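As a plain string of letters, each chain reads:
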Amino acid sequence: MAENQVINFSPGPAKLPAEVLEQAQKELMNYNNTGVSVMELSHRSADFTKIITRTEDNLRKLLNIPDNYKVLFLQGGGTGQFSAVPLNLLSHKPDLAADYIVTGSWSAKAAQEAQKYGKIHQVVPKPSTYTEIPDSITWNLNPNASYVYYCANETIHGVEFQYIPDTGDVPLVVDMSSNILTRNVDITKFGAIFAGAQKNIGCAGVTLVIIRDDLIGHALPICPIIFDFKVQCGNNSLYNTPPTYSIYIMGLVFEWILARGGVSAMERAAITKSSAVYDLIEDSQGFYVCPLNKDCRSRMNVPVRIGAPNGDEALERKFLEEAEKNRLISLKGHRSVGGLRISLYNAVSVEETQVLVNFMKDFMARHRQ
Ligand code: PLP
């Protein structure tokens, strides 16, 4: 590793591909011979229109998005969508009811926000810790719900669905903020998908929404206009000034993924990287512990404790200090969970993951009692 170089395992905002940053740097002051930066381009200029159109086209290619789904580039982050989803979709049916599958902090926050607007029902009992996904046959789904909501990857707790829930005719809404473009999914199984950009697809500031067209046009009258999917759709996400630079960076990331073999290549790498970490945890005979059930372990965010079962905090601090000295950064677990969290988004390479795994082996050899 060159001097000053680090390997960034941040849960978000996360590492971007070096090639993307280099390209952005090259074009920073003079985009496409315009003499100005993308930041300085009008969002209605021909150059920006090309950027946003190409970005959408590439996303459609990467995810195989059918024509009856619209793509929106919005603001407000994942948290904005916790409000926008109920505001746009609850009145799709007369009961103003929705089912939420809560498997971690982010889906819990989404359910809490949605309660402001309708009848929200949690289909699985609240667990004392988020370490599993209760069997879908135990879910108590309401056939009259306007939608069923879940979070595909709980970034804090590391709970990731390995399958797409079957909700029959009730539209399925998913928060894919931390695993979009890391595994192949069948878009037609969803009514709506949203994702903040700052983990796998760009920098903070832009939020992707992919929505089936029959679900557009049902916003509650109190819905703020910038969150109204119909208004944004009718204006190609340009009702107001969009986060132009974040959209441009997202476009560069999509090109980077396409050039490397698309989502299938990202998925293969995600399996290789996460397996290397989980295999080490399993082989460590309790030195490293991942508290999650094996059937829902995230490929993106691996929570780890050192010293079973609740972690030896002094040893975990030592791990983080030593890791940082070895230029392996941002490995601290979320404050609500403690321990470590290893985030393995698309921009983290297999080789970089191996550097971390080797460090973990070495740390274990030196500190095992
Ligand atoms: N959903 C998930 C899965 C997340 O990981 C996050 C943030 O990390 C959010 C929602 C909230 O996103 P934002 O901070 O962009 O509002």
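Residues numbered from 1 in each chain as written. Predicted model: local features only at pLDDT ≥ 70, side-chain atom pairs only at ≥ 80, totals over all residues. Heavy atoms only, no water.

- Under an unreviewed UniProt entry, the name given to the chain is Phosphoserine aminotransferase, and the organism recorded is Littorina saxatilis.
- Taken verbatim from the UniProt record of the chain, the Cofactor (unreviewed entry) comment is "pyridoxal 5'-phosphate". (UniProt positions renumbered as here; feature names shortened; annotations may be inferred.)

### Some thoughts on the sheet that holds strand β12 (residues 301-306)
- Judged by pairing direction, the sheet is antiparallel, and its three strands sit side by side in the order β11-β12-β14 without closing on themselves. Among the strands making up the open sheet, the edge pair consists of β11 (288-289) and β14 (340-343).
- As paired elements, β12 and β14 share four bridges and run antiparallel to each other. Within β14, the position partnered with V302 by the bridge is I342.
- Each of β11, β12 and β14 is contacted by helix α8 (residues 313-325), which is oriented at about 125° to β12, the strand it contacts most. (Pairing = 2+ DSSP bridges. Helix = DSSP H or I, 4+ residues; strand = E, 2+ residues; numbered from the N terminus. Contact = heavy atoms within 4.5 Å. Axes fitted to C-alpha atoms, helices over the stretch in contact; angles between N-to-C directions.)

### A few points about the packing of aromatic side chains
- On inspection of all chains with the given rule, the structure shows 16 aromatic pairs.
- Judged by centre distance (4.5 Å) and plane angle (20°), the rings of Y100 and Y149 are stacked. With Y100 in strand β3 (residues 97-101) and Y149 in strand β5 (residues 147-151), this residue pair connects regions lying 49 residues apart in the sequence. Here Y100 matches Y149 in class, with each residue buried.
- Ring geometry for F319 versus F359: centroids 5.2 Å apart, planes at 65°, classification edge-to-face. Linking F319 in helix α8 with F359 in helix α9 (residues 350-367), this pair joins segments that are 40 residues apart in sequence.
- Judged by its relative accessible area of 1%, F319 falls in the buried class. (Phe/Tyr/Trp six-rings, centres within 6.5 Å; stacked < 30°, edge-to-face > 60°. Buried < 20%, exposed > 50% of the residue type's maximum accessible area, 1.4 Å probe, protein only.)

### Examining the site of the ligand
- In the vicinity of the ligand lie 13 residues, with T79, T155, D175, Q198 and K199 positioned nearest.
- Between the ligand and T79, the relevant distance is 2.5 Å, taken from an oxygen atom to a side-chain nitrogen or oxygen of the residue.
- Taking 390 Å² as the accessible area of the ligand by itself, protein coverage stands at 83%.
- In terms of residue count, helix α3 (residues 77-89) provides more of the shell around the ligand than any other element does, four residues in total.
- Residue composition of the shell around the ligand, by class: three nonpolar, eight polar and two charged. (Near = heavy atom within 4 Å. Polar contact = N/O pair within 3.5 Å; in protein donor to acceptor, adjacent residues only side chain to side chain. Areas by Shrake-Rupley, 256 points an atom, 1.4 Å probe, with all protein chains shown as cover. Nonpolar A, V, L, I, M, F, W, Y, C, P; charged D, E, K, R; others polar.)

### As for the pairing of strand β9 (residues 192-196)
- Summarising burial for β9: five of the five residues are buried, a large majority.
- One ladder, built from five bridges, connects β9 with strand β10 (residues 207-212); its direction is antiparallel. By the bridge assignment for β10, I193 is matched with I210.

### Quick notes on helix α4 (residues 105-114)
- Among the residues of α4, S105, S107, A110, A111, E113 and A114 are the ones counted as buried.
- Check the buried side of α4 and you find it contacts α3, β3, β4 (119-122), β5 and β6 (153-154).

### Brief notes about the pattern of salt bridges
- Going through the model one piece at a time under the given rule, you end up with 15 salt bridges.
- When the shortest N-O distance is used, the salt bridge between E255 and R54 registers 3.1 Å. With a gap of 201 residues between them, E255 in helix α6 (residues 244-259) and R54 in helix α2 (residues 46-63) connect regions that are remote in the sequence.
- Among the residues examined, E255 registers a relative accessible area of 32% and is labelled partly exposed.
- A salt bridge links R297 to E282; the shortest N-O distance between them is 3.0 Å. Here the residue R297 occupies a position in the loop between β11 and β12, and E282 occupies one in helix α7 (residues 262-283), the gap between them amounting to 15 residues. (Salt bridge = Lys/Arg side-chain N within 4 Å of Asp/Glu carboxyl O.)

### Topic: the environment of D228
- Examined against the element boundaries, D228 turns out to sit in the loop between β10 and α5 (229-234).
- Taking relative accessible area as the criterion, D228 reaches 16% and is therefore assigned buried.
- C-alpha of D228 to C-alpha of T103: the two residues are 125 residues apart in sequence and 27 Å apart in space.
- Setting aside chain neighbours within four positions, we find D228 in contact with N88, A219 and C223.

### Some words on the pairing of β10
- In terms of residue burial, β10 counts as a mostly covered element, since five of its six residues are buried.
- As defined by bridge partners, strand β2 (residues 69-74) adjoins β10 across six bridges and the pair is classed as antiparallel. Among the inter-strand pairings, K70 is bridged to a residue of β10, identified as I211.

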